[in-house]
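What follows is the residue order along each chain.
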Amino acid sequence: MCTLTAMRRGFLLLLLLLALGAIAAGCGGDDDGGSASPTGPPSAQTNCDKADLELVKPPGLTVGTDNPAFPPWFGGGTNSSTWELNDPSTGDGFESAVAYLVAQDLGFQKTDVTWVVVPFNQSFKPGPKDFDFDINQISITPERAKAVDFSEPYYDVNQALVALDGTPITNAKTLADLKPYKFGAQIGTTSYAHITDTIQPSKDASVYDTNNDAVSALKAKQVDGIVVDLPTGFFVTSAQLPGSKIVGQFPAAGTQEQFGLVLAKGSSLTRCVNEVLTRLKADGQLEQIQQEWLTTRAEVPVIE
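Residues numbered from 1 in each chain as written. Predicted model: local features only at pLDDT ≥ 70, side-chain atom pairs only at ≥ 80, totals over all residues. Heavy atoms only, no water.

Looking at the sheet that holds strand β9 (residues 244-250)
- As summarised here, the arrangement of the 5 strands in space is β7-β6-β8-β5-β9, forming an open sheet in which the pairing is mixed. Each having just a single partner strand, β7 (206-208) and β9 make up the two edges of the open sheet. Averaged over all pairs of adjacent strands, the angle between their axes in this sheet comes to 30 degrees, without regard to strand direction.
- With 4 bridges joining them, strand β5 (residues 159-164) and strand β8 (residues 225-229) adopt antiparallel strand pairing. Paired with A160 across the bridge in β8 is V228.
- Seen against the sheet, helix α5 (residues 190-199) touches β5, β6 (183-186), β7, β8 and β9 and runs at an angle of roughly 145 degrees to β6.
- Along the sheet, helix α6 (residues 211-219) contacts β5, β6, β7 and β8; its crossing angle with β8, the most-contacted strand, is approximately 150 degrees. (Pairing = 2+ DSSP bridges. Helix = DSSP H or I, 4+ residues; strand = E, 2+ residues; numbered from the N terminus. Axes fitted to C-alpha atoms, helices over the stretch in contact; angles between N-to-C directions. Contact = heavy atoms within 4.5 Å.)

Focus: the packing of aromatic side chains
- Summed over the entire model, instances satisfying the criterion amount to 11 aromatic pairs.
- Measuring from ring centre to ring centre gives 5.9 Å for W73 and Y155, while their planes differ by 75 degrees; the resulting arrangement is edge-to-face. Here the residue W73 occupies a position in the loop between β1 (61-65) and α2 (94-106), and Y155 occupies one in strand β4 (residues 148-156), the gap between them amounting to 82 residues.
- Judged by relative accessible area, which is 0%, W73 ranks as buried.
- Connected via pairs of aromatic rings, a cluster forms that spans W73, F94, Y154, Y155 and F259.
- If you follow K110 out to its NZ or CZ, it ends over the ring of Y100, 5.3 Å from the centre.
- Across the ring face of F124, the terminal group of R144 is positioned such that the distance to the ring centre comes to 4.3 Å. (Phe/Tyr/Trp six-rings, centres within 6.5 Å; stacked < 30°, edge-to-face > 60°. Buried < 20%, exposed > 50% of the residue type's maximum accessible area, 1.4 Å probe, protein only. Lys NZ or Arg CZ within 6 Å of the ring centre and 35° of its normal.)

Structural notes on the environment of P72
- Along the chain, P72 falls in the loop between β1 and α2.
- For P72, a relative accessible area of 0% puts it in the buried group.
- Between the alpha carbons of P72 and F94 there is a distance of 6.4 Å; along the sequence they are 22 residues apart.

Side note on the layout of surface pockets
- For the largest pocket, the calculated volume is near 400 Å³.
- Element by element, the count of residues in the lining of the largest pocket is highest for α5, at 5 residues.
- For the lining of the largest pocket, the per-class residue count stands at 7 nonpolar, 10 polar and 2 charged. (1 Å grid on protein atoms, 1.4 Å probe; cavity = no way out; pocket = protein on both sides within 12 Å on 5 of 7 lines; lining within 4 Å. Points joined across faces, edges and corners; volume = space filled by probe spheres on them. Nonpolar A, V, L, I, M, F, W, Y, C, P; charged D, E, K, R; others polar.)

Okay, here's the thing in structure tokens:
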């Protein structure tokens, strides 16, 4: 009797162990390389098909830039016989061409793209955006990247010094030569930061709402020179302010300064835009339009 009871107890224990093993197997992960449940929420943007893109105003693509939108970035260029302002939708100019190449690769026709005015300083401020991406010579910096997403860079840029021809500052060859002079630049730009951090002049720099205001100040001789990115310097001297010249360009201090597209922080579109820019670099299209619209920097002396 005791032997039979023991056998029954052993049989029941075996059944219990088998049941617990089945439950554990059903609840556990797959150790043989099978897919496990995700540990975090799934990405809202699972692919980059046009129909699946999260857009601010679907079904079109909304692109931001400042007003005025200057050549050679928009509407004209250093190789153009005409200079048109404030019409980024033409596809002319380096950044307009970049924007439409990105749009096309994402599946949009030119007529699907809507441009909105976004003041330079507002584009990388925290908060919601009324654009899918903004393109406006916006340099990628760690501080700005705290508030917005940046795409992969689409252009490596140097800063340049523009002054009125025949003035003493045009003889400057080194940073030390620039110390006594007064400079101007657009507010919130890396051009202004270059004055304060790299040139470190003895006189406080003047700050302007736009590059156009800075050019006007130079024309009125309120400043000795203005700092702008090099392609803008070519436009200023060749079309905007007769009698001015590029004194020189400044080499990158440490990390190369680069322009990137601006997107809302955490935008699901960032990955898709990066994939597009990678393709445009690989197949040479970015280089091609750069040669079409932007004058080579090799012609300009370096100030160190």
